[in-house]
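So the chains spell out like this:
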Amino acid sequence: MRKVIVALLVLFTACQPKTSEPEQKTAPALEEKEFPAKPDIALASDIDPVCKMSVKEEFSDTAMYDGKIYGFCASACKDDFLKEPLTYLEEK
Ligand SMILES: [Zn+2]
């Protein structure tokens, strides 16, 4: 009896439809237009590095720098950041 159950379990797991598995593309690019308002991504900081406000509440843009994703309250902050990222990252 037990063998039957095990066999059924194997069959069940083997037949699980593979949902939400997109076709393997090379390196999923961050397409800004598809960004949700609050993306479920790990931001390098909860603080907008430019104006120092919390991006947990005000969040409208992101920028990738040095492999990390920074959140910004506005695209203006992002632009400033991308001009001189080190300036903003060094001051605390
Ligand atoms: Zn800002």
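This text goes with the structure placed above it.
Note that the coordinates shown come from a computational prediction; the quantities given were computed from them, not determined experimentally.

(A) Quick look at the packing of aromatic side chains. Tallying each qualifying case throughout the model produces four aromatic pairs. The interplanar angle of 45° and the centroid separation of 5.1 Å between the aromatic rings of Tyr70 and Phe81 together place this pair among those described as tilted. One end of the pair, Tyr70, is in strand E2 (residues 68–72); the other, Phe81, is in helix H2 (residues 75–83), and 11 residues separate them in sequence. The pair Tyr70 / Phe81 is uniform in exposure class, with both members buried. An angle of 45° between the planes, with centres 5.1 Å apart, marks the rings of Phe72 and Phe81 as tilted. Residue Phe72 is classed as buried on the basis of its relative accessible area of 0%.

(B) Layout of the environment of Ala42. Among the structural elements, Ala42 can be located in the loop between helix H1 (2–14) and strand E1 (61–65). For Ala42, a relative accessible area of 69% translates into the label exposed. Along the backbone, Ala42 and Lys68 are 26 residues apart, and their C-alpha atoms lie at a distance of 8.5 Å.

(C) A look at H2. Those residues of H2 not exposed but buried are Cys77, Lys78 and Phe81. Taken end-on, H2 shows its buried residues confined to a sector of 100°, consistent with a single buried face.

(D) Representation of the nonpolar core in the model. Core analysis: the largest hydrophobic core is formed by eight residues, namely Val50, Ala63, Tyr70, Phe72, Cys73, Cys77, Phe81 and Tyr88. Mapped by element, the contributors of at least two residues to this core are E2 and H2. With sequence-adjacent residues up to four places away left out, Tyr88 is seen in contact with Pro49, Val50, Lys52, Asp80 and Phe81.

(E) The arrangement of the coordination of the zinc ion in detail. With distances of 2.0 to 2.3 Å, the protein atoms coordinating the zinc ion are Asp48 (OD), Cys51 (SG), Cys73 (SG) and Cys77 (SG). Angles of 102 to 123° at the metal separate the four donor atoms of the zinc ion, which places the site in the tetrahedral class. Binding-site remark: the zinc ion is held by donors from one chain whose sequence spacing is D-x2-C-x21-C-x3-C. On the criterion of sequence distance, the pair formed by Asp48 in the loop between H1 and E1 and Cys73 in the loop between E2 and H2 is long-range, its members being 25 residues apart. Considered together, Asp48 and Cys73 belong to a single accessibility category, that of buried residues.

Procedures and definitions
Residues numbered from 1 in each chain as written. Predicted model: local features only at pLDDT ≥ 70, side-chain atom pairs only at ≥ 80, totals over all residues. Heavy atoms only, no water. Phe/Tyr/Trp six-rings, centres within 6.5 Å; stacked < 30°, edge-to-face > 60°. Helix = DSSP H or I, 4+ residues; strand = E, 2+ residues; numbered from the N terminus. Buried < 20%, exposed > 50% of the residue type's maximum accessible area, 1.4 Å probe, protein only. Arc of directions from axis to C-beta. Core = buried A, V, L, I, M, F, W, Y, C linked by side-chain atoms within 4.5 Å. Contact = heavy atoms within 4.5 Å. Donors = N, O, S within 2.8 Å, 3.2 Å for Na, K, Ca; no water. Tetrahedral: all angles 85-135°; square planar, octahedral: opposite > 155°, others 65-115°.

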